[in-house]
Amino acid sequence: MYISPLSRISSSTMLLRTLAGAFALLAPAAAAPATATSSATSAVDQSGLYVATKLNYHPLPRIERVPSQDGWEHWFKLEEANITLRPDRRFIASFRYYRQHVRPRAAVSPGPLLNETYKGKYSMSGTKITFTPDKTKEKRAPKQIIGTIANSLLTIPYIVAEGQSNHPLRLDLRREGNW
């Protein structure tokens, strides 16, 4: 089963499907405080294509290793991530990545390049943006993901939780085009 670096990792769900879990299972970290602005204007002003530039402050492609409960690691390499914010308050998030479940510090020979896409609604309040993924067959009540958006930058912090340990991740995106 594939693991999503952007998903909540648990022994029962074993990482829904990879990267896609990003918008289906993530447990968001604290977001920056919001400032008062017109939400109708914000959605139109901030709409466009956002392209990932960094994962955990490092440029893409980026490799991360997250410990799992069984003593192994969830290894993933994020090649690219894109989020489109439409003026009608809908989003499309797509991810391209590799994923393996390996022994700690073991050599990795990545399998096939994986692609996942998620859709849903978003809302804005000042610099705070909340993503609410559409329901899927795998996840009937997906968790919301909270990030910050200011000028042409979108930041999504979250915690990948496995057993007793937490692994913080942060995805930084830059607006590349308008809607």
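Residues numbered from 1 in each chain as written. Predicted model: local features only at pLDDT ≥ 70, side-chain atom pairs only at ≥ 80, totals over all residues. Heavy atoms only, no water.

J.: I would appreciate a short explanation of the packing of aromatic side chains in the present structure.
T.: Describing an aromatic ring pair means giving the distance of the ring centres and the angle of the ring planes. Tallied over the entire structure, the rule returns one aromatic pair. Ring geometry for Phe 91 against Phe 131: centres 5.1 Å apart, planes inclined by 80 degrees, an arrangement best described as edge-to-face. One end of the pair, Phe 91, is in strand E6 (residues 90-102); the other, Phe 131, is in strand E8 (residues 128-133), and 40 residues separate them in sequence. Across the pair, exposure class does not vary: Phe 91 and Phe 131 are buried alike. (Phe/Tyr/Trp six-rings, centres within 6.5 Å; stacked < 30°, edge-to-face > 60°. Helix = DSSP H or I, 4+ residues; strand = E, 2+ residues; numbered from the N terminus. Buried < 20%, exposed > 50% of the residue type's maximum accessible area, 1.4 Å probe, protein only.)

J.: Would you mind going over the nonpolar core with me for this structure?
T.: Grouped burial of nonpolar side chains is what soluble globular proteins tend to show. By size, the foremost hydrophobic cluster in this structure holds 30 residues, and its most contacted members are Ile 83, Leu 85, Phe 131, Leu 154 and Leu 171. Those elements giving two or more residues to this core turn out to be strand E2 (48-55), strand E5 (73-85), E6, strand E7 (114-125), E8, strand E9 (145-150), strand E10 (153-162) and strand E11 (165-177). Among the elements that line this core, the one with the most residues is E5, at five residues. (Core = buried A, V, L, I, M, F, W, Y, C linked by side-chain atoms within 4.5 Å.)

J.: Can you walk me through the environment of Asn 166 in this structure?
T.: Mapped onto the elements of the fold, Asn 166 is located in strand E11. Of the residues examined, Asn 166 reaches a relative accessible area of 53% and is grouped as exposed.

J.: What am I meant to see in the environment of Tyr 158 here?
T.: Relative to the helices and strands, Tyr 158 is located in strand E10. Take Tyr 158: its relative accessible area is 1%, and that puts it in the buried class. In the structure, Tyr 158 is positioned 10 residues away from Pro 168 in sequence and 6.0 Å away in space, judged by C-alpha atoms.

J.: Help me out: how do you make sense of unusual backbone geometry in this one?
T.: A negative phi angle is the norm for most residues apart from glycine, just as the trans form is the norm for most peptide bonds. Residue Pro 61 is bonded to the preceding Leu 60 through a cis peptide linkage, with omega at -5 degrees. Positioned with a positive phi, Arg 89 is a non-glycine residue whose angle comes to about 70 degrees. Note that Arg 89 resides in the loop between E5 and E6. On the basis of relative accessibility, which here comes to 25%, the residue Arg 89 falls in the partly exposed class. A positive phi angle, near 55 degrees, is found at Asn 151, a position not held by glycine. Looking at the element boundaries, Asn 151 is found in the loop between E9 and E10. For Asn 151, a relative accessible area of 67% gives the class exposed.

J.: Looking at this model, I keep getting lost on the pattern of salt bridges. Mind explaining?
T.: A full pass over the atoms with the stated rule returns seven salt bridges. Across the pair Glu 64 and Arg 62 runs a salt bridge, and its minimum N-O distance is 3.1 Å. Assessed through its relative accessible area of 23%, Arg 62 is described here as partly exposed. Of the charged contacts, one joins Arg 170 and Asp 172 as a salt bridge, the two residues approaching to 2.8 Å between their closest N and O atoms. (Salt bridge = Lys/Arg side-chain N within 4 Å of Asp/Glu carboxyl O.)

J.: Mind showing me how you'd approach the pairing of E6 here?
T.: Moving residue by residue along a regular strand, the side chains alternate between the two faces of the sheet. Sheet topology note: the E5/E6 ladder contains 12 bridges and is antiparallel. Within E6, the position partnered with Asn 82 by the bridge is Ser 94. Between E5 and E6, which follow one another and run antiparallel, lie four residues, and Arg 89 among them has a positive phi close to 70 degrees. One ladder, built from eight bridges, connects E6 with E7; its direction is antiparallel. Across the sheet, the residue bridging to Ala 93 is Tyr 118, located in E7. (Pairing = 2+ DSSP bridges.)

J.: Please clarify how the pairing of E8 should be interpreted in this entry.
T.: With six bridges joining them, E7 and E8 adopt antiparallel strand pairing. Following the sheet pairing, Lys 121 is matched in E8 by Thr 132. What sits between E7 and E8 in their antiparallel hairpin is a turn of two residues, with Gly 126 showing a positive phi close to 65 degrees.

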